[in-house]
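What follows is the residue order along each chain.
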Amino acid sequence: MSSLLFMLVMEYLSRALQKVGELPDFKFHPMCHSTKLNHLIFADDLMLFCKGDLKSIRRKIEVLNHFSRVTGLVANLDKSNIFVAGVDDAMKEQILQLTGFTLGDLPIRYLGLPLSSKKWTKIDCHQLIDKITNRITSAYSKTLSYAGRLQIINAVLFSLYNFWSNVFILPQSILKENGGLNIKSCKLWNIASVGKLMWQIASKADTLWIRWVHGLNMKDEQDFWTHTPSKDSSWYWRRLNSIKLTMGMWYTNGTYCLLTNGAYNVSCSYNQLLGRQLKLPVADLIWNSLMLPRHRFIIWLANQEKQLTKERMIRLQMPIEDDKCCLCGESKLETQVHLFAECTWTTKVKEALETWSGIKIQKTEVTECLKWIKGRHWKQYKKEIATAIWGARIYHTWRASNWKLFRGTIVNTEITITQTKKGIVERVDYLKDSRKASKCRYLVQKFCN
Ligand SMILES: [Zn+2]
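Note that this is a predicted model, so its numbers are computed, not measured. (Residues numbered from 1 in each chain as written. Predicted model: local features only at pLDDT ≥ 70, side-chain atom pairs only at ≥ 80, totals over all residues.)

*Asks:* What's the story with the overall build of the protein in this structure? I'm lost.
*Replies:* Assigned secondary structure in the protein consists of 19 helices and 8 strands. Within the protein, contacts between residues at least 6 apart in sequence are counted, and of these 56% link residues at least 24 apart. (Helix = DSSP H or I, 4+ residues; strand = E, 2+ residues; numbered from the N terminus. Contact = placed C-beta atoms within 7 Å.)

In C-alpha cells:
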C-alpha cells in the first residue's frame, strides 16, 4: 500500500477511535482523562488506552473489528500485547479472553526506545550499552589510534547516546563524569537535553506530551517553576522537578535567557552547566591547536598521573618483570618524574630542544610544568608553542620507552630531536595564514636561525 494511502486509512481508524471516546459507556485510562487520549499511532505502531473495564475494552474491540471489515487490515496477534494494571486476577483473565491478546511485560520497545513505568536501572540501559560497546569493539575501531578512537567517541557514539538522553533521565551508574579529552560529560548533557523537555513544559509547547503532563501532573497549576510534584506522581516527574532547580538561573520572567531569541538550546545549557564545574585550569594549553592530537592524549593522561608507568603498575598490582626504567638502564624506579624529567634519554632531548627554542621549563612534574607555563607572563602563542615542544618530548619519551619494552629497540635521541623540531615547524605551517600562525612562525623562525 502506498504510504499516503496508508496514512488516509489510519486517519480513518484514528477518527473512529475518537468517536468511541464520546460514547457514554467508554471510560478513558485514568491518566489520559484530561487529554481525552485513547490511542497513539506512529506509522504502523498503534497503542490503545482505556480504563480496565470490560465495557470500555469491548468498545475498542468493536472499532478494531469495524476497521478490519472496512479495510481488510487485521491486527497481528503475534506482534500485539496487552498491558493491564490495577485490576484483580479474575478481571485480568476476562480481559485476556475478550481481546485474545497475550499479556505483555514492560519494558517494551517503541520507536527504538524502551518504555518503562519505573525508575531506570542499569539493566534497562543494557541495549544502549550493548550498542555502544559493539561499536567500540568492532574490527575497524580496533585498528584506530587513540586520537581516532576519540573521534569515534565524540562523533558516532555520542549521537547514539544523545538519541536516548533527549528523552530519558538515564541512571547515574551509566553516566561517567566529564572525562576531559573534549568528550562531553554524559551526565551534564543528559540534564541539558531533558532541559528541553522542561522548557517545553514551562512554555506550554503545543505537543501531546506537554498537554498530557499539564493535565495529569500539574492539574490547574500554571507555573512549572513553582510547581511541587505530589508524592504519588511518577518517579520521572519527580526527578524532572528536582533537576529543574539547576536551571532556574537560565530563565528570567519565565523566558529562556541564554540565547537572545528565547529558544531553548541544549549546547548553551550544557556549557552553562559545565562552566559551573571545576575546569582543568591548564586544559586550554593541552588542547591548543599546535599540539598534535596523539600528543594531547598522552599529556592529558600524564597530567592526571594516569600514564601506565611501572610504578603505577605496581600500585595497581599488575604483574611486571621488574620496576626499572628501561630507557637508561640506570636501575632507577620508572616513575613519571624519572621518565619525563630525570632519565638520561629524555634529558638529552630536553637540553637540545631548550637550546633550540630558548625556552627552559623549570619544573619536573608534568602537572607542575603545565602550571608553570600557564603562569608565565608570556603571550598566549608563546605559551602554546612552549607546551607543544614540551608535549612532543613527553610523547616521544613515552613512545621510546614502549619501543624498548615491546620491540627491544632504543629510539635514537638525535632522530627524535630532529623529528620534534620538524613537527613543530610543520604544525605552525598547518595553521596557514591566521594571525596566530604569523606570530608563531616568527617565533619559530627565530628558533631555527
Ligand atoms: Zn631512565
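Having seen the structure, we can now continue with the description.
*Asks:* What exactly am I supposed to notice about helix α7 (residues 186–202) here?
*Replies:* Three- or four-residue spacings in an α-helix give side chains the same orientation, since the helix completes a turn every 3.6 residues. Given a rise of 1.5 Å per residue, 17 residues ought to cover 24 Å, and the 24 Å separating the end C-alpha atoms of α7 matches this to within 8%. Counting buried residues along α7, 13 of its 17 residues qualify, which places the element largely inside the surrounding structure. Immediately downstream of α7, the backbone of K204 shows phi near 50 degrees, a positive value. (Expected span 1.5 Å × (residues − 1). Buried ≥ 20, exposed ≤ 12 C-beta atoms within 10 Å, placed from the backbone.)

*Asks:* Please clarify how the packing of helix α16 (residues 366–375) against helix α17 (residues 380–407) should be interpreted in this entry.
*Replies:* Relative placement of two packed helices is described by the angle separating their axes and the distance separating the axes. With their axes 10 Å apart at the nearest point, α16 and α17 run at an angle of 165 degrees to one another. Between α16 and α17, the angle falls in the class roughly antiparallel. Like other packed secondary-structure pairs, α16 and α17 cross with a definite hand, here right-handed. Where α16 approaches α17, its residues V366, C369, I373 and K374 are matched on the opposing element by K383, A386, T387, W390 and I394. Its residues assigned to classes, the contact of α16 with α17 shows 6 nonpolar, 1 polar and 2 charged. (Axes fitted to C-alpha atoms, helices over the stretch in contact; angles between N-to-C directions. Parallel < 35°, antiparallel > 145°, perpendicular 65-115°, else oblique. Left-handed = near helix turned anticlockwise from the far one by under 90°. Nonpolar A, V, L, I, M, F, W, Y, C, P; charged D, E, K, R; others polar.)

*Asks:* It is not clear to me how unusual backbone geometry should be interpreted in this structure. Could you clarify?
*Replies:* Across residues other than glycine, the phi torsion is negative in most instances, and most of the peptide bonds are trans. Of note, the phi angle at Q317 is positive, near 55 degrees, even though the residue is not glycine. In this structure, Q317 sits in the loop between α13 (310–315) and α14 (336–342). Backbone geometry at S331 places phi at a positive 45 degrees, although glycine is not the residue there. By the element assignment, S331 lies in the loop between α13 and α14.

*Asks:* Could you clarify how one ought to interpret the packing of helix α15 (residues 344–357) against helix α18 (residues 413–430) in this entry?
*Replies:* Here α15 crosses α18 at 40 degrees, and the two axes come no closer than 10 Å. Taken as axis vectors, α15 and α18 run oblique relative to one another. Remark: the crossing between α15 and α18 carries right-handed chirality. Note on element contacts: α18 touches α15 through T413, T416, I417, T420 and K421, opposite W345, K348, V349, A352, L353 and W356. Of the residues in the contact of α15 with α18, the class split is 6 nonpolar, 3 polar and 2 charged.

*Asks:* Explanation requested: the pairing of strand β1 (residues 39–42) in the structure shown.
*Replies:* Every other side chain in a regular strand lies on the same face of the sheet, so the side chains alternate between the two faces. Sheet analysis places β1 next to strand β2 (residues 45–48), joined by 4 bridges and oriented antiparallel. Of the residues in β2, the one forming a bridge with I41 is L46. What sits between β1 and β2 in their antiparallel hairpin is a turn of 2 residues, with A43 showing a positive phi close to 50 degrees. (Pairing = 2+ DSSP bridges.)

*Asks:* I keep staring at the nonpolar core and nothing clicks. Help me out?
*Replies:* Soluble globular proteins tend to bury their nonpolar side chains together. Among the nonpolar cores identified, the biggest contains 41 residues, and L327, I385, A388, I389 and I394 are the most heavily contacted of them. Those elements giving two or more residues to this core turn out to be α11 (283–286), α12 (293–303), α14, α15, α16, α17, α18 and α19 (435–448). The element that contributes the greatest number of residues to this core is α17, accounting for 11 residues. Among residues more than four places away in sequence, those in contact with I385 are L290, C440 and L443. (Core = buried A, V, L, I, M, F, W, Y, C linked by C-beta atoms within 7 Å.)

*Asks:* Is there a simple way to think about the confidence of the model for the protein in this case?
*Replies:* Reading fine detail from the predicted coordinates is not recommended where pLDDT is low. Model confidence for the protein is summarised by a mean pLDDT of 81, while 85% of its residues fall at 70 or above. When pLDDT is averaged over each helix and strand of the protein, the minimum, 60, is found for helix α5 (residues 139–142) and the maximum, 93, for α15. (pLDDT = per-residue confidence, 0-100.)

*Asks:* Help me understand the environment of L292, please; the structure alone is not making it clear to me.
*Replies:* As for its placement among the helices and strands, L292 is situated in the loop between α11 and α12. What makes L292 partly exposed here is the crowd of 19 C-beta atoms within 10 Å.

*Asks:* Where do I start with the environment of D25 in this structure?
*Replies:* Structurally, D25 is set in the loop between α1 (3–21) and β1. The exposure class assigned to D25 is exposed, which follows from the 10 C-beta atoms found within 10 Å. Distance in space between the C-alpha atoms of D25 and K55 is 6.6 Å, their sequence separation being 30 residues.

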